[in-house]
Amino acid sequence: MNSLTSRLNTLGTHAVTCLSAMAAVIILTSYVTPRPVPEIDLSIKSLKSFQVSWRERNDQAALIFNFQADLRPLMDWNVFGIYASVVVDYETDLYEKNEIVIWDSVITKKQKALIKKSADIAKYMFKDYGHDLRGKELSLRLKYVVMPFVGAMQAYEIVSEKTFTMPNNYTS
């Protein structure tokens, strides 16, 4: 009853039970604690190019956008990282809802959570499979996922009030 293996078993079981109880409390508090809503400024400034890719049979554009966001209040002791992406929304005759990611980043340090991009070219080319982009109105959203060390990932999004209308003619 008082052997070394029995004592180690008791100690190990007690440690795992305590750690499991702490993890359960952390998970429950992550649902109860409200996350602050970050302030953002997100807009499309202009187009670098807007053309037809005849080989791929689509419209494609290189967007220049402004993006400022302070995600530092989201970084607390239980946050491993934040996945943030800028998404362009638009409608076409064929599809009611189209979403294209033009920029994304995984933020793991609080110092990197202050984002300031002025007149920055989109990380990804904006493509529409077809020739439906001319004259369409684009809106922007910031989508972000908070990834905790312990607990469920939580996804949020903020819609920008600013829109951008694509030109009716192609540029180069």
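Everything numeric here is computed off the predicted structure, so don't read it as measured data. (Residues numbered from 1 in each chain as written. Predicted model: local features only at pLDDT ≥ 70, side-chain atom pairs only at ≥ 80, totals over all residues. Heavy atoms only, no water.)

A. The arrangement of the overall build of the protein chain in detail. A tally of regular secondary structure across the protein chain gives 1 helix and 8 strands. In sequence order, the protein chain lays out its α and β elements as α-β-β-β-β-β-β-β-β. What you see for the protein chain is a C-alpha radius of gyration of 23 Å, clearly larger than the 16 Å of a compact globule of 172 residues, by over 25%. Dimensions of the protein chain, computed from the C-alpha atoms along their principal axes, are close to 85 × 30 × 25 Å. Long-range contacts, defined as pairs at least 24 residues apart, comprise 69% of the intrachain contacts of the protein chain with a sequence gap of at least 6. Looking at the protein chain as shown, the accessible area adds up to about 10,900 Å², and 56% of this sits on carbon and sulfur atoms. (Helix = DSSP H or I, 4+ residues; strand = E, 2+ residues; numbered from the N terminus. Rg over C-alpha atoms; globule rule 2.2 N^0.38 Å. Contact = heavy atoms within 4.5 Å. Areas by Shrake-Rupley, 256 points an atom, 1.4 Å probe, with all protein chains shown as cover.)

B. Here's a closer look at the sheet that holds strand S8 (residues 154–165). Spatially, 4 strands are ordered S4-S3-S7-S8 in an open sheet, and the strand pairing comes out antiparallel. Each having just a single partner strand, strand S4 (98–107) and S8 make up the two edges of the open sheet. When strand polarity is set aside, the average angle formed by the axes of neighbouring strands in this sheet is 20°. In the sheet, strand S3 (residues 79–90) pairs with strand S7 (residues 137–148) via 10 bridges, with the strands oriented antiparallel. What sits directly across from alanine 84, in S7, is tyrosine 144. (Pairing = 2+ DSSP bridges. Axes fitted to C-alpha atoms, helices over the stretch in contact; angles between N-to-C directions.)

C. Expanded view of the pairing of S8. For S7 and S8, the ladder comprises 9 bridges, and the chain directions are antiparallel. Within S8, the residue paired with valine 146 across the bridge is glutamine 154. Once S7 ends, the chain turns through 5 residues before running back antiparallel as S8, passing glycine 151 with a positive phi of about 120°.

D. Broad picture of the pattern of salt bridges. Applying the stated rule across the entire model yields 10 salt bridges. With a shortest N-O distance of 3.3 Å, arginine 35 and aspartate 76 are connected by a salt bridge. With a gap of 41 residues between them, arginine 35 in the loop between helix H1 (4–32) and strand S1 (40–53) and aspartate 76 in the loop between strand S2 (58–70) and S3 connect regions that are remote in the sequence. A residue is classified by how much of its surface remains accessible, and arginine 35, at 18% relative accessible area, is buried. Of the charged contacts, one joins lysine 97 and glutamate 99 as a salt bridge, the two residues approaching to 3.4 Å between their closest N and O atoms. Looking at glutamate 99, the relative accessible area reads 38%, which means it is partly exposed. Overlapping salt bridges bring together Asp89, Lys97, Glu99, Arg141, Lys143 and Glu157 as one network. (Salt bridge = Lys/Arg side-chain N within 4 Å of Asp/Glu carboxyl O. Buried < 20%, exposed > 50% of the residue type's maximum accessible area, 1.4 Å probe, protein only.)

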